[in-house]
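The residues making up each chain are set out below.
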Amino acid sequence: MAEGESEVRWDGLCSRDSTSREIALENIRQIILRKAECLRSVRETPYRPPDGLSNAVSLDGLNKLLAHLLMLSKRCPFKDVREKSEFILKSVQELGIRIPQPLGQGPSRFIPEKEILQVGSEDAQMHALFADSFAALGRLDNITLVMVFHPQYLESFLKTQHYLLQMDGPLPLHYRHYIGIMAAARHQCSYLVNLHVNDFLHVGGDPKWLNGLENAPQKLQNLGELNKVLAHRPWLITKEHIEGLLKAEEHSWSLAELVHAVVLLTHYHSLASFTFGCGISPEIHCDGGHTFRPPSVSNYCICDITNGNHGMDEMQVNSAGNISVSDSFFEVEALMEKMKQLQECRDEEEASQEEMASRFEIEKRESMFVFSSDDEEVTPARDVSRHFEDTSYGYKDFSRHGMHVPTFRVQDYCWEDHGYSLVNRLYPDVGQLIDEKFHIAYNLTYNTMAMHKDVDTSMLRRAIWNYIHCMFGIRYDDYDYGEINQLLDRSFKVYIKTVVCTPEKVTKRMYDSFWRQFKHSEKVHVNLLLIEARMQAELLYALRAITRYMT
Amino acid sequence: MEKMSRVTTALGGSTLMGRTMHCHLDAPANAISVCRDAAQVVVAGRSIFKIYAIEEEQFVEKLNLRVGRKPSLNLSCADVVWHQMDENLLATAATNGVVVTWNLGRPSRNKQDQLFTEHKRTVNKVCFHPTEAHVLLSGSQDGFMKCFDLRRKDSVSTFSGQSESVRDVQFSIRDYFTFASTFENGNVQLWDIRRPDRCERMFTAHNGPVFCCDWHPEDRGWLATGGRDKMVKVWDMTTHRAKEMHCVQTIASVARVKWRPECRHHLATCSMMVDHNIYVWDVRRPFVPAAMFEEHRDVTTGIAWRHPHDPSFLLSGSKDSTLCQHLFRDASQPVERANPEGLCYGLFGDLAFAAKESLVAAESGRKPYAGDRRHPIFFKRKLDPAEPFAGLASSTLSVFETEPGGGSMSWFVDTAEHYALAGRPLAELCDHNARVARELGRNQVAQTWTMLRIIYCSPGLVPSTNLNHSVGKGSSCGLPLMNSFSLKDMAPGLGSETRLDRSKGDTRSDTVLLESSATLVTNEDNEETEGSDVPADYLLGDVEGEEDELYLLDPEHTQSEEPEYVLPQEAFPLRHEIVDTPPGPEHLQDKADSPHVSGSEADVASLAPMDSFSLLSVSHALYDSRLPPDFFSTLVRDMLHFYAEQGDVQMAVSVLIVVGERVRKDIDEQTQEHWYTSYIDLLQRFRLWNVSNEVVKLSTSRAISCLNQASTTLHVNCSHCKRPMSSRGWVCDRCHRCASMCAVCHHVVKGLFVWCQGCSHGGHLQHIMKWLEGSSHCPAGCGHLCEYS
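As recorded by an unreviewed UniProt entry, chain B carries the name GATOR2 complex protein WDR24 and is attributed to Galeopterus variegatus. Comment text from UniProt for chain B, heading Sequence similarities (unreviewed entry), reads "Belongs to the WD repeat WDR24 family."

An unreviewed UniProt entry lists chain A under the name Sestrin-1 isoform X1, with Galeopterus variegatus given as the organism. According to the UniProt record, the Catalytic activity (unreviewed entry) comment for chain A is "a hydroperoxide + L-cysteinyl-[protein] = S-hydroxy-L-cysteinyl-[protein] + an alcohol". Under Sequence similarities (unreviewed entry), UniProt gives the following word-for-word description of chain A: "Belongs to the sestrin family."

Below you can see the structure in the form of C-alpha cells.
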C-alpha cells in the first residue's frame with residue numbers, strides 16, 4: 001500500500017536546472033496521484049474491512065504532501081514549479097479529494113498582501129536571492145518575503161543565517177536548530193519554533209528533546225539560564241554565567257561552541273522580534289498556514305484571535321486612518337521640521353555635561369515605563385512553553401520592580417573594536433558576516449521619508465538605534481539623548497519598546513498607530529534597525545562577559 | 001616580575017636611568033604620552049588623567065588634571081598627546097567629541113586651556129605637529145579631521161574622509177605639510193595640510209578598520225599601519241603607488257604601533273583584544289617577535305618609547321589599571337626559546353634535517369634513525385655578516401640518503417588499493433585481504449587475516465535455511481555498514497516521530513535494538529518493522545494490517561529513497577551531519593546470548609535475504625558454545641599493537657575496520673585515533689585520496705569521521721573576470737557569462753567538471769573521457785597534448 005512519504009523527493013525542485021525540476025515534479029505527481037487513487041479506492045470498496053487507522057494515517061500523509069504542494073504553488077521562485085504544482089493540486093481535486101487552501105492574508109498579517117512583492121514578479125537580483133534561499137532551505141519563508149523590501153539587507157541576512165545554520169561551525173547541526181528553538185520559545189514565537197522543529201527533525205535531531213528542555217542533554221539545559229538572561233535582561237550577564245557553562249565537567253562548552261551558541265541565541269531573539277514586529281503569518285505548509293475546510297467558513301487564524309486582530313480590525317483602522325489623514329500628514333511634516341531644527345541649532349546651544357548625562361538617565365528610566373496600555377496576558381498560540389522553563393521571567397516584571405540598569409559605555413567596549421575581534425577569533429568568518437549585516441542595517445537608506453524625497457535620515461536612524469541601546473543601558477558618550485525625545489513620539493516608542501522587549505505582545509493596532517503616513521517598506525526598515533540594534537546590544541553584553549572571563 | 005637590572009644610557013648630556021617597574025593607577029588607562037624630557041608621562045582614560053614623573057626606582061604622581069566638582073565627559077579621554085616642542089602643552093580627545101588643550105603653565109589648579117566642540121562624534125585621535133608649536137590635528141568617528149591653530153578659537157580647516165570613522169591621524173615627521181589618516185573601512189589617506197578639499201592619495205591598507213599608523217622616525221615615507229585583520233604592514237609612500245614592504249601577522253587585532261627609536265626595522269605593537277602582551281617585531285622577520293613584554297594582565301591600550309633616541313625604554317598603560325616601564329633587556333625573547341629546526345623528505349625518500357648547531361652537537365652521540373645505514377652528510381652554512389640574525393644563522397644540515405630501492409613503499413600502495421574494508425561479510429573480507437597480502441609476498445600478514453577469519457567466523461556459513469531461527473539474532477551480524485546514512489535518511493520520511501526515534505536509538509545502543517527487535521517479533525500490533533537491524537541495505541516494512549507484507553529494498557532502489565529536503569549540490573555544498581554518523585557495526589555478539597525466540601517469528605519468516613550476506617551471516621559461531629565470546633580479543637588486541645609498533649599501521653587500521661566492534665572496545669579511543677590519523681596521513685602522502693576518504697568514512701572515531709566534513713566548500717573564480725563567483729558555480733554575476741563551458745559539446749557544465757592542468761581546457765567528465773579515448777590532443781584545439789588518467 002502506501003510506501004511512506006519518504007519516496008517523495010522535494011530536493012529535486014531546488015535545482016536550477018529546469019529539466020531536473022521537471023523530472024522531480026513528474027515523480028511527485030505520480031506518487032501523489034497514486035496515493036490519491038489508493039485512498040479513493042479504499043473509500044469506494046465497501047466489502048473491504050474498514051480500517052480507520054491506516055486510512056487516517058495515509059490521509060494524513062497525503063494531506064501533508066498536498067500542503068507542501070500548496071506552498072510550492074504559491075512560494076516557489078521557479079514559475080514552472082508553481083504552475084505544475086497548481087496543476088497537480090487541481091487534478092487531485094478532480095479525484096474528489098479535498099485540497100488545502102492558504103489561510104490568512106499573505107506573508108504578513110500587518111501588511112496587506114498587495115503591498116508585498118508577489119513571487120514571480122521579482123526582478124533579477126531578487127530572483128537570484130529567492131533562488132538561493134529556496135535552494136538552501138527548500139522553501140521561501142514569509143520572513144524572506146517581507147524582508148525583500150530591502151534586498152541589500154536580505155542578502156546579507158540570508159548569508160549569515162545560512163552560515164550559522166549550515167556551514168562549518170563548532171556546533172552539530174541539530175544543536176543549532178535546537179538552540180534556535182530555545183531562543184524563539186523565550187518569546188513564545190510559535191512561527192520560528194515550528195519552522196525549526198521541522199528543520200531539527202530533518203537534520204536528525206532526537207524528537208524526545210522537543211518535549212521540553214529537561215529532555216535535552218545536560219549541556220543544552222545549562223544554556224537555558226544564559227538564554228533567559230540574554231533575552232530579557234542581558235545586562236545581568238556576568239562572567240560567572242560564562243564560567244558556569246565552560247566549566248561543567250563533561251557537560252562543559254568550549255569557548256568556540258559558546259560563541260556560536262551566543263550568536264545563534266541573539267540571532268533568534270531578534271528574529272522573534274522581527275516576526276512579531278511585522279506580524280509574520282504561519283508558513284503555508286505548517287500548522288495554521290492552511291486549511292482543508294472550504295474557504296468560506298472562517299478566514300482568520302488562531303494567532304489573529306489571540307492578538308485581537310480579527311479580519312474586521314483592518315477595516316476599522318482604515319476608516320480611523322481616513323479621518324486622521326490630515327493629522328498624520330502633519331506628523332511627518334513635524335518630524336521633518338524637528339530634524340531640520342536639530343541639525344541647525346546643534347551648534348548654537350550646547351547643553352552642559354550634567355545635562356547630557358541626565359538626559360540619558362531620563363531616557364533610560366522613561367523607557368522602562370513606556371508600555372502600551374492594553375497590556376493583558378497573552379497565551380501563546382501553540383504550546384511552545386514546554387521548550388523553556390521559568391515562563392514568568394520576562395522583561396515586564398523587571399520594569400515593574402524598577403530595577404536599576406547599569407550603564408554600559410560603548411566607548412569602552414564596542415562591537416567594531418572588541419566584539420568583532422572576539423567573535424572572529426573564536427568563530428572565524430562569522431564576525432565578518434555579522435559586521436556586514438550591522439553595517440548594512442545601520443547605513444541602509446533610500447533618502448526618503450513617507451512622501452518626501454532626498455531626506456537625510458541618518459539622524460532619525462541614529463536616534464532609533466541609540467534609543468534601543470539606551471533601553472539596554474548602553475550609552476554613547478557622543479550622543480545627545482535629548483534628540484530621541486524630539487524625534488520619536490510616544491506611539492513609536494511604545495512600538496519599539498514592545499518589539500524589542502516583549503515582542504509577543506505586539507498587536508496590529510500598535511503597528512498601525514505609529515508613523516501612519518509612512519510606507520510599509522519603511523516600517524519594515526524600522527524593524528530591521530530594531531532587530532539589529534537588539535542583536536548588537538545582547539551580543540555586546542554576552543561578549544563582554546566572555547572577555548572578562550578570559551582575562 | 002620585579003627584574004632588577006638597571007640601564008643607564010647617556011643621550012647627549014642627559015642620562016636615562018631606570019628599571020622595569022610598574023605602578024597602579026586608579027582606573028583603566030586609554031592612552032599615554034611622554035613629555036619631551038623623557039621624565040614625565042601622562043596617563044589618560046575614562047576616569048583618570050594624571051601626570052607621573054618617571055624616577056629611577058618608581059613612578060611618582062605629579063599632577064592630577066581631573067579637577068572640578070563633577071567630572072564632565074570632557075574629561076573622559078580617548079586619547080592624549082604631549083607636545084614634543086612645548087613641555088607645558090597637552091591635548092586630549094574626549095569620548096563625547098570635544099578636543100581639549102591643557103596648559104601646565106597656568107597658575108590655577110585647573111589647567112584646562114581651550115575647548116573645541118566641533119566634532120559631532122567621539123574623537124579617536126589627536127596629534128600635534130612635530131615642529132610647529134600651535135598646530136593640532138584631530139580625527140573623529142564622524143569621518144572628519146580638523147586642524148586647529150591654538151591661537152584661534154575654532155578650527156582652521158576641515159578634512160572630510162568621505163567615509164565613516166577616522167581611527168588615527170599622524171603628522172609626517174619628515175614632510176612638513178603631510179599627514180596620514182586611517183579609517184574604519186580599511187583605507188589610509190595622505191593629506192596635504194594646505195589642501196583640505198581632497199586627499200593626495202588614498203589606498204586600501206587592511207581588510208576592516210585600520211586602528212593605527214606610525215611614520216618611521218628616520219626613513220622618509222615609511223608608514224606602519226595596524227588593523228583589525230591582525231596585520232601590521234609597512235608601506236613605502238615615496239613611490240608612485242604605496243608599496244607594501246613588510247607584513248607582520250600577529251595573533252590579535254593591532255591597536256597601536258610605534259617604531260622603535262634607533263632600530264631601523266623594529267616596531268612595537270599591542271593588541272585591542274584577547275592578547276595582553278606587547279611585542280617588538282623586526283619587520284624582516286615577521287613570524288617570531290624579537291621581544292615580548294608580558295607584564296600586563298589586561299589589554300594594553302597605550303605604548304610609548306620613553307625617549308626618541310633611546311631604544312631600551314618602553315612605557316605602557318593598560319586596562320588593568322597599571323602603568324609600566326619595560327626595559328628591553330628584561331624582555332623575553334621568544335626566539336631564544338624556539339629551536340629552529342627543519343625537516344624535509346626528498347623526492348626519493350632522502351631526509352634532510354637542519355637544526356641549530358648547538359643542538360646537533362649535543363646530540364651527536366645519538367644516531368638518529370633514518371631508515372638506512374649510511375652516515376649522514378653534514379653541511380655547515382657559512383655565516384653571512386650582513387644577515388640581521390647573526391645569532392641564529394649557524395646551523396647544521398644533515399642529509400640522510402636512502403638506499404636505492406630500500407625505501408620502496410609499493411607494497412603499501414598496492415595493499416591500500418586492494419584491501420577490501422567493508423561491504424562484504426567478514427569472512428569474505430578476511431579471505432580477500434589474505435589473498436591480497438599473499439600476492440604481495442607478505443605471508444605473515446596473509447596468515448593473520450586467515451586467522452582472523454577463523455577466530456571470528458565459523459568455517460561454513462550458516463545456510464540461509466536457518467533464517468527463521470530468530471530475527472533478533474540477525475541483528476548481531478556485525479557487518480560493516482556501507483551506507484551508514486541510509487537508515488537515518490529514511491527515518492524522517494517515515495513520518496512518525498516515535499518511529500524515527502526508535503530506529504535512531506537502535507543504531508546507537510544495543511539494548512534498544514534488542515528491545516525493538518523483540519517487539520518486532522512478539523508484538524503483532526506493531527505497525528512497522530524496524531529498519532534497524534539491516535546493515536547494508538535496509539528493510540522497510542509497512543504493515544498496515546497485513547503483517548506479512550514486508551518489503552526488502554535492494555540497494556539499487558535505495559537511490560531513490562532520500563529525505564524530503566536535501567540540499568542541492570549547487571551553490572551550497574551538501575553537508576553531512578557532524579555527529580550522529582551512526583557507526584555501523586555496533587551490534588555486538590552480546591546479542592548471541594539473548595534468547596528471545598518467540599512463537600510468532602513465523603510471521604516474519606518471509607524475510608528473504610536478497611544478497612548472499614544479508615541479514616544473517618553470523619550464527620552462533622564455533623566458540624560461542626565452548627569459549628566465551630571475547631576469548632580471543634586480548635590476543636587480537638596484542639596483535640594489533642604489535643603491527644602498529646612495527647610501523648605497519650595499515651594493518652592495524654584495516655583489521656580494526658574489518659573486525660570492527662569485536663575488538664574496538666578493547667583498545668582505548670586515543671590509540672585508535674592515533675592509528676587512524678597516522679594511516680590517513682600516510683595515505684594522503686601517497687596521494688591515495690580515495691582510500692583515505694574511505695578510511696575516514698569507515699572510522700568510528702568521532703574525531704576522525706569529521707575530517708572529511710570540514711571545509712567542503714569549493715570556491716570557483718570566473719574564467720573571464722577572475723572574480724570569485726558567489727551565487728552560482730557556472731554563471732558569473734559580474735560579466736554575465738557562463739564560465740565553465742565544455743570544450744567538446746560547448747554547453748555549460750553544471751555537474752562534474754574535469755579540466756587539463758596543462759592547458760586549462762575541460763568539460764563534462766564523460767565528454768572529455770570519450771574524446772581522449774580517440775585523440776590525444778585537447779578538444780579545444782589549442783594543440784596541447786592532454787592526458788587523462
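Next comes the rest of the write-up.
A.B. asks: Can you walk me through empty space enclosed by the protein in this structure?
C.D. replies: Where empty space is left in the structure can be found by rolling a water-sized probe over the atoms. This model, assessed by the stated rule, comprises 15 cavities of 30 Å³ or more. Its volume calculated, the largest cavity comes out at about 890 Å³. Where the lining of the largest cavity is concerned, the elements lending two or more residues are helix H17 (415-426), helix H18 (430-443), helix H19 (458-471) and helix H23 (520-550) of chain A together with strand S12 (123-128), strand S20 (210-215), strand S24 (254-259) and strand S28 (300-307) of chain B.

A.B. asks: I tried to follow the environment of A:Ser491 on my own but got confused; where do I start?
C.D. replies: Residue and element names in this part refer to chain A. Considering the arrangement of structural elements, one finds serine 491 in helix H21 (residues 490-501). You can call serine 491 partly exposed: its relative accessible area is 27%. Between the alpha carbons of serine 491 and serine 513 there is a distance of 6.7 Å; along the sequence they are 22 residues apart. Filtering out sequence-adjacent residues up to four positions away, serine 491 remains in contact with Ser513 and Phe514.

A.B. asks: What exactly am I supposed to notice about the sheet that holds strand S6 (residues 49-54) of chain B here?
C.D. replies: Strands pair in a sheet through their backbones, by hydrogen bonds, and they do so in one of two ways: parallel or antiparallel. Residue and element names in this part refer to chain B. In space, the 4 strands of this open sheet follow the order S4-S5-S6-S7, with antiparallel pairing throughout. Taken across any chain shown, the strands that pair with only one partner, and hence form the sheet edges, are strand S4 (31-34) and strand S7 (59-64). Direction aside, neighbouring strands of the sheet carry axes that sit 25 degrees apart on average.

A.B. asks: Explain the sheet that holds strand S13 (residues 135-140) of chain B to me, please; I cannot follow it from the model alone.
C.D. replies: All names here are of chain B. As summarised here, the arrangement of the 4 strands in space is S12-S13-S14-S15, forming an open sheet in which the pairing is antiparallel. If you trace the sheet from one side to the other, it starts and ends with S12 and strand S15 (155-160), each paired once. The sheet shows a mean angle of 20 degrees between the axes of neighbouring strands, taken without regard to direction. As judged from the 5 bridges shared by strand S14 (residues 144-149) and S15, these two strands associate in the antiparallel manner. Of the residues in S15, the one forming a bridge with phenylalanine 144 is serine 160.

Parameters at a glance
Residues numbered from 1 in each chain as written. Chains lettered and ligands numbered in written order. Predicted model: local features only at pLDDT ≥ 70, side-chain atom pairs only at ≥ 80, totals over all residues. Heavy atoms only, no water. UniProt positions renumbered as here; feature names shortened; annotations may be inferred. 1 Å grid on protein atoms, 1.4 Å probe; cavity = no way out; pocket = protein on both sides within 12 Å on 5 of 7 lines; lining within 4 Å. Points joined across faces, edges and corners; volume = space filled by probe spheres on them. Helix = DSSP H or I, 4+ residues; strand = E, 2+ residues; numbered from the N terminus. Buried < 20%, exposed > 50% of the residue type's maximum accessible area, 1.4 Å probe, protein only. Contact = heavy atoms within 4.5 Å. Pairing = 2+ DSSP bridges. Axes fitted to C-alpha atoms, helices over the stretch in contact; angles between N-to-C directions.

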